[in-house]
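Chain and residue survey
Residue strings, one per chain:
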Amino acid sequence: MITIESLLRYVPRLHGEQGVDATLHMLLRNQEHLREHLREVSCNPPGASWARLEVARPRTNEVYLWDHIPRVPPAKRPDSVLQFVEDDDIHFLLIESKQHLRDIYPRMGTLLRQFFTGSADFVGILNRPAWHRKQQGSEEWEVVPPDASEDVRYWLKLYPRSLIHFWTAFVFALEPEYGANESPRMDHETYAAMGAVLKTASLDAIIAVRWCGTQHTPRVVLVYSSDFSMSRFSSRLDGLLEPAILR
Amino acid sequence: MASGADRYWSIQTVTVNQCKLHEREQCILTTRTLVDAAQLPHAKEAPLDAAFRVYGDNILECEHYIDWLRRDTVSQFQLLVRVGPWDRPVYVFKDRSMGKIIGFHVCPYYGGPGSSSMWPSGPLGTWSHEKPDVVVTRVCEDGSETHPLLAVEFVDAIQAGNQGWQRSRRPIDAAEARPPIWFMYVIPVIGWERDSGGLILKGPRYLPAHPCIAQLTLCSRLGVPSLQIYLRSSWTAFARRPRLAGRRLYPLPADIDAFRGVDNAVILNSLLIRSSVYGQSAFLPALRDTLSSVILEMLSVARTYAGAGETRLPIHVKHSALDPARAKEVASVYSRALIERKPVEGEFALHKIEADDFFQKGCLFYKDVKRKSIRPEFRNDVLSFLNWKDSANNNYKRRYLEAWGIDTSGAKALPDEIAMAHKSSLPVTYKESKSEGALVANRAALRTILEKAYSRLDTAVLDWVYSQRRSLLPPLFLVPLYAYKPSGDSRPDRGLLPVMQSTFPTLLQKDRTLVLVYSKHTPPKWRQQLNEGNNELWNVIKKIAGAVIVDRTGDGIILANGNC
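Described below are features of the structure shown in this document. (Residues numbered from 1 in each chain as written. Chains lettered and ligands numbered in written order. Predicted model: local features only at pLDDT ≥ 70, side-chain atom pairs only at ≥ 80, totals over all residues. Heavy atoms only, no water.)

**Some thoughts on the overall build of chain B**
The secondary structure content of chain B amounts to 19 helices and 20 strands. The proportion of buried residues among the 564 residues of chain B is 59%. Considering only contacts in chain B between residues 6 or more positions apart, those separated by 24 or more positions represent 66%. Just so you have it, chain B exposes about 22,200 Å², and 49% of that area is on carbon and sulfur atoms. (Helix = DSSP H or I, 4+ residues; strand = E, 2+ residues; numbered from the N terminus. Buried < 20%, exposed > 50% of the residue type's maximum accessible area, 1.4 Å probe, protein only. Contact = heavy atoms within 4.5 Å. Areas by Shrake-Rupley, 256 points an atom, 1.4 Å probe, with all protein chains shown as cover.)

**Looking at the overall build of chain A**
In terms of helices and strands, chain A carries eight helices and eleven strands. Here the C-alpha atoms of chain A give a radius of gyration of 19 Å, agreeing with the 18 Å that 2.2 N^0.38 yields for 247 residues. Here the C-alpha coordinates of chain A stretch approximately 60 × 50 × 30 Å along the principal axes. Residue pairs in contact within chain A that sit at least 24 positions apart in sequence constitute 68% of those at least 6 positions apart. Split by element, the accessible area of chain A, about 9,600 Å² in all, is 48% carbon and sulfur. Once the 28 positive and 32 negative side-chain charges of chain A are each reduced to a mean point, those two points are 3 Å apart. (Rg over C-alpha atoms; globule rule 2.2 N^0.38 Å. Lys, Arg positive; Asp, Glu negative; His and termini not counted. Charge placed at Lys NZ, Arg CZ, Asp CG, Glu CD.)

**Side note on the environment of E340 of chain B**
All names here are of chain B. Along the chain, E340 falls in helix α10 (residues 327-340). On the basis of relative accessibility, which here comes to 42%, the residue E340 falls in the partly exposed class. Sequence spacing of E340 and G223 is 117 residues, and the spatial spacing of their C-alpha atoms is 7.2 Å.

**Details of the interface of chain B and chain A**
If you look at the interface, chain B gives 79 residues, while chain A gives 74 residues. When chain B packs against chain A, the two sides together hide about 6,700 Å² of surface, and 59% of this comes from carbon and sulfur. Summed over the shared surface of chain B and chain A, the number is four salt bridges. Between R52 of chain A and D156 of chain B there is a salt bridge, with the nearest N and O atoms lying 3.6 Å from each other. At the junction of chain B with chain A, the criterion picks out 19 residue pairs in polar contact (both at pLDDT 80 or more). It is strand β2 (residues 25-32) of chain B that contributes the most residues to the side of chain B that touches chain A, eight residues altogether. Residues belonging to the side of chain B that touches chain A are distributed by class as follows: 37 nonpolar, 19 polar and 23 charged. Pairing between strand β1 (residues 2-3) of chain A and strand β3 (residues 47-48) of chain B: two bridges, direction antiparallel. For T3 of chain A, the partnering residue across the bridge sits in β3 of chain B and is P47 of chain B. (Buried area = accessible area lost by both parts, 1.4 Å probe. Salt bridge = Lys/Arg side-chain N within 4 Å of Asp/Glu carboxyl O. Polar contact = N/O pair within 3.5 Å; in protein donor to acceptor, adjacent residues only side chain to side chain. Nonpolar A, V, L, I, M, F, W, Y, C, P; charged D, E, K, R; others polar. Pairing = 2+ DSSP bridges.)

**Notes on the nonpolar core**
Core analysis: the largest hydrophobic core is formed by 174 residues, its most contacted members being Y65 and I541 of chain B. In terms of residues, this core owes the most to one element, helix α8 (residues 284-306) of chain B, which gives ten residues. What I541 of chain B contacts, discounting residues up to four positions off in sequence, is L481, L497, V515, V517, V548 and L559 of chain B. V72, V152, F172 and L246 of chain A belong to the second largest nonpolar core, which has 44 residues in total. (Core = buried A, V, L, I, M, F, W, Y, C linked by side-chain atoms within 4.5 Å.)

**A look at the packing of helix α2 (residues 16-29) of chain A against helix α1 (residues 59-70) of chain B**
Close contact between α2 of chain A and α1 of chain B brings their axes to 10 Å; oriented N to C, the two are set at 30°. Here α1 of chain B runs roughly parallel to α2 of chain A, going by the angle between their axes. Facing α2 of chain A, whose interface residues are A22, H25, M26 and R29 of chain A, α1 of chain B presents I59, L60, E63, D67 and R70 of chain B. The class makeup of the residues in the contact of α2 of chain A with α1 of chain B is four nonpolar, one polar and four charged. (Axes fitted to C-alpha atoms, helices over the stretch in contact; angles between N-to-C directions. Parallel < 35°, antiparallel > 145°, perpendicular 65-115°, else oblique.)

**Description of the environment of R35 of chain A**
Residues and elements named next belong to chain A. Take R35: it is sitting in the loop between α2 and β2 (38-43). Those residues in contact with R35 that lie beyond four places of it in its chain are L28, R29 and N30. A polar atom in the side chain of R35 sits 2.3 Å from the backbone oxygen of R29.

**Focus: the pairing of strand β8 (residues 134-139) of chain B**
All names here are of chain B. For β8, the buried fraction is high: five of the six residues fall into the buried class. Note: strand β4 (residues 50-56) against β8, six bridges, orientation antiparallel. Following the sheet pairing, A51 is matched in β8 by V139.

**Description of the pairing of strand β11 (residues 217-224) of chain A**
Residue and element names in this part refer to chain A. Most of β11 sits out of view: eight of its eight residues are buried. In β11, alternate side chains face the same way, and those of T217, R219, V221 and V223 on one face and P218, V220, L222 and Y224 on the other are all buried. Where strand β10 (residues 205-212) lies against β11, eight bridges are found, and the strand directions are antiparallel. Paired with V209 across the bridge in β11 is V220.

**What about the environment of S425 of chain B?**
Residues and elements named next belong to chain B. Structurally, the position occupied by S425 is in the loop between α14 (415-421) and β15 (428-429). Residue classification places S425 among the partly exposed residues on the basis of a relative accessible area of 27%. For the pair S425 and A445, spaced 20 residues apart in sequence, the C-alpha to C-alpha distance is 9.3 Å. Aside from chain neighbours lying at most four places away, what touches S425 is W404, I406 and N442.

**Topic: helix α6 (residues 188-200) of chain A**
All names here are of chain A. In a regular helix each residue adds 1.5 Å, so 13 residues correspond to 18 Å; α6 covers 18 Å between its end C-alpha atoms and thus fits that length. Residues of α6 that are buried include every one of T190, Y191, M194, G195, V197 and L198, and no others. End-on, the buried residues of α6 take up no more than an arc of 165°, which puts them together on one face. The exposed set on the far side of α6, more than 90 degrees from its buried face, consists of H188, E189 and T200. A positive phi of about 55° marks S202, the residue just after α6. (Expected span 1.5 Å × (residues − 1). Arc of directions from axis to C-beta.)

**A look at unusual backbone geometry**
Note the cis peptide between P73 of chain A and P74 of chain A, where omega equals 5°. Mapped onto the fold, P74 of chain A is located in the loop between β4 (62-67) and β5 (80-86). Cis peptide bonds are those with omega within 30 degrees of zero, and the linkage from E175 of chain A to P176 of chain A qualifies with -5°. With respect to the secondary-structure elements, P176 of chain A resides in strand β9 (residues 164-179). Although it is not a glycine, R341 of chain B adopts a positive phi angle of roughly 55°. Tracing the backbone shows R341 of chain B in the loop between α10 and α11 (355-361).

**Describing the sheet that holds strand β8 (residues 142-143) of chain A**
All names here are of chain A. Ordered by their spatial adjacency, four strands build an open sheet running β3-β4-β7-β8, and the pairing between neighbours is antiparallel. Looking at strand neighbours, the two that pair on one side only are β3 (52-56) and β8, the edges of this open sheet. Pairing of β4 with strand β7 (residues 132-135) involves four bridges; the strand directions are antiparallel. Residue pairing in the sheet places L65 in a bridge with H132 of β7.

**Details of the pattern of salt bridges**
Throughout the structure, instances matching the rule amount to 41 salt bridges over all chains. In this structure, R59 of chain A engages D88 of chain A in a salt bridge whose closest nitrogen and oxygen atoms are separated by 2.7 Å. Here R59 of chain A is found in the loop between β3 and β4, whereas its partner D88 of chain A is found in the loop between β5 and β6 (89-97), with 29 residues between them in sequence. Here R59 of chain A falls in the exposed class, since its relative accessible area comes to 63%. With its nearest N and O atoms 2.9 Å apart, the salt bridge here joins R169 of chain B to E536 of chain B. On the criterion of sequence distance, the pair formed by R169 of chain B in helix α3 (residues 163-176) and E536 of chain B in helix α19 (residues 536-544) is long-range, its members being 367 residues apart.

Here's what the structure looks like:
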């Protein structure tokens, strides 16, 4: 007889960056009660070609779509983007994920922000027209035609910059990425290393994932900057990660 | 067993919160145990009547597949619960129509190059050269897994030009696997190109007819479902806007509003799962009806885009299988063949296109080559004898004709008229405007062209192309292959040969297929790559071609089993 438990004993040899991305994506996808305030703008794990960003427009019931955004270095396309929607402010969390902590690279936060704000040869998302929109909860996108009003096509460009906030995060798999203990305690050195990187890399959050126990259950550890930890976005992020957070 | 299923899947959660400060940063630490099998009442005994594994290129692709099942009004599968680690859960469904409880274990991220897998029972084995977005296997009672039932490719946007070749390898691999694997290629009907800044709409991007016809031909040859599933996107409605259409109408399949698209995929997938669990016989009528509906949509797309613009395919447009008046008859014949796993026979058999079809319905060959990517000698000494150019001057045309043994010196007729009169002596092809491969009946003339262009070329290769000692040589299929971009990347060209072979299986047989690699970026040590067997481009050439010539080095080789 096949049981759920027997299925779940089948685990991969390695989780890596894919496992990190899958954990974040599924935490949001499967906690529907969080979606009123926390939205997944994009998710682009390795091997994916889904270069699309869906941004909710405050004070409306509309979601706009930017798609087919080219990769133009040095701007870095985030592996994942979350949007925190509350009142008129738009908060984005731009997430880069890698297999190892050492994969962090210089100016990561700046390069991630450039995907939205633009760089020398790249028109950032903020300055691009949206080509599709839909009502929240609907499956039916409609094209925003070139003759639509500027207020529709370029609403994000026209949105007061003082109300658009970017936060940046790095997510990685701990080494070793797997531990047999179902509920290990995280050691002080790991926090110290994450805290040090947080400061030197000028990021707002660092999240680490380790897979634990017989079913390789993903558990996360996180460190926030003081600014971010005081934001309401951080408590929403806590809510998102809470089912997987490791003590 | 199924009637008591619901009681197993109640959920317990435990939440513990703890906060502490770490230096100047705030570390917020919270633990909540996951909803997993260990915390479900009687979890160890919780039985599943059947289980499948859904392997994916990444988590998004796996979720697309699960979404098909979750369309419960169409799939007739009711989601009971998701159990297990966040990144690799088991979705437990109840089959509403038959009552059994079926688990789908999501296994994202194959990982690794080639067919290597992060999973102990990797589903790719030796049948796949690439990684389809999703592969579904069944889990056996002893924990082992079956050969895959289904592979799916989800495409967000129509790819430009020859980019589509790259993915065409995947349906071929699935259809040729033993046992064969159902394949579904899910793609929008139409997209829209924008400028690099994303600011301006440039023009529509249509579905290319060739990959669709290649898949229909796989169905025809092997009796294995290799299907395209069409998404109606927002661009479909946009293409019909009178203000934008203006002077020009954007071609869409005439019956697009009747397309069932993803509903067909959901139904077929459900029937495939049920066939695996309960046996196929009860589902044959529904399978055949749904396959017929999918084939009808593929025929409509093939007909629409094989007859339009630069991708016009005259041999296929004139083929009985694409006759609009007989579409339902064709779909019925194909769906029956797919159910019976037998090749299509008779006039609708797309896999039986022969050389005579090329000579009678095809057109003169022209290959578009970027000047900066080749040696000038290749253009002058080789390509100008292969390429017929309507717009070229008479000197060019007379030189071309004479290379193929057609005397134009005393003729009063114009070169164009002479060319048409001697079409079967010239390189002919299946695609108007820019094409990729030519059928060459006059192999003696081709030998002379190659002999003059490549003084170092081995006599054995020349003899393979033509030798007086070999009588009744069949027409040779010549594929000039760019193969290497300046970066050294061989994508997407490494997908071209499999597409060509799956489209014209009777013509691209190994003993009569010649590949001419012409990029000036081809590695000089190409023989080493060919011999090592680690390079997909050269592996494909070795598998399909009987001989290869490399322009950059001016030499070539007969490939194993080339029947020299």
